[in-house]
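Survey of secondary and tertiary structure
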Amino acid sequence: MLTISKRQRDAMIATCVRALPDEGCGLLVGSNDGVVDEVVPSENVAHSAKLYEIDSKLLLRTFRQAEDNGKEVIGVFHSHTHSDAYPSPTDVVQAPDPAWHYLLLSLRLVPTVLRSYAIVDGVINEEEVVVEEA
Amino acid sequence: MAITVRIPTVLRPATGGAATLLGNGATIGEVLGKISADFPALKPQLFNDDGTLHRFLNVYVNDDDVRYLGGVDAPVGPNDDVTLLPAVAGGALS
């Protein structure tokens, strides 16, 4: 289960809309119970409508800051601009961490569809996303 | 002089759970080559068959991504800190 706030959800949607026509992306920092404390938007350094890659310097900085604050990088979000919020074969092959939450936003339809998955050894399992008011 | 190499969680199964390793060498290629000689399961996760760094791996010397420092030829010194992180990337159905 992944828990985010409305404000965090809106920040992710805004990041992905701003990135158009490219995919948007960013990191999720939180605790290992799946509660997100911070959404960290990244530039999509792949600059592509079909691929995303988190900026490598931001990645290092975010890992270090999370560690300093007793937190963890617990996942990543990215948008699919013209397809559903479901992991693509590329997403599955490149999913680095079985403990991570892979949050996908589909901008294909309005309103934005947001879904989250665990990807373990190539197997995709959807998980519940709780959006809290605060 | 030993160089500290920080191992991300996702690669720790290949290092027997170690979060940091000590390496030595004058370049990133030498340092990572030596630690993958100690932990052979690391090698395919660090290097391509042609000896270049794996596409889905980010390697940093201190704060700098080695892609911009010459890749495997990036110089390292005794007080440098090497960090490995998985590249975070993917994409939509084509």
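What you are looking at is a predicted structure, and each value in this text was computed from that prediction instead of being measured. (Residues numbered from 1 in each chain as written. Chains lettered and ligands numbered in written order. Predicted model: local features only at pLDDT ≥ 70, side-chain atom pairs only at ≥ 80, totals over all residues. Heavy atoms only, no water.)

The subject of this paragraph is the interface of chain A and chain B. Taken residue by residue, the interface counts 25 residues in chain A and 23 residues in chain B. Taken as a group, Glu53(A), Leu60(A) and Gln94(A) account for 27% of the area that chain A buries against chain B, more than any other trio of residues on that side. Between Arg64(A) and Asp63(B) there is a salt bridge, with the nearest N and O atoms lying 2.4 Å from each other. Elements represented by at least two residues in the side of chain A that touches chain B include exactly strand S4 (51–53), helix H2 (56–68), strand S5 (72–80) and helix H3 (89–94) of chain A. Top element by residues in the side of chain A that touches chain B is H2(A). It accounts for six residues. Among the residues making up the side of chain A that touches chain B, the classes are represented as 11 nonpolar, seven polar and seven charged. (Contact = heavy atoms within 4.5 Å. Buried area = accessible area lost by both parts, 1.4 Å probe. Salt bridge = Lys/Arg side-chain N within 4 Å of Asp/Glu carboxyl O. Helix = DSSP H or I, 4+ residues; strand = E, 2+ residues; numbered from the N terminus. Nonpolar A, V, L, I, M, F, W, Y, C, P; charged D, E, K, R; others polar.)

The next subject is unusual backbone geometry. Here the amide bond leading from Leu20(A) into Pro21(A) is cis, since omega sits at 5°, within 30 degrees of zero. One can find Pro21(A) in the loop between helix H1 (6–19) and strand S2 (25–30). At the junction of Val110(A) and Pro111(A), the peptide bond is cis and its omega measures out at 0° in the coordinates. Structurally, Pro111(A) is set in the loop between strand S6 (101–106) and strand S7 (113–120). Phi angles above zero are rare outside glycine, and Asn62(B) is one such case at about 55°. Relative to the helices and strands, Asn62(B) resides in the loop between strand S3 (57–61) and strand S4 (64–65).

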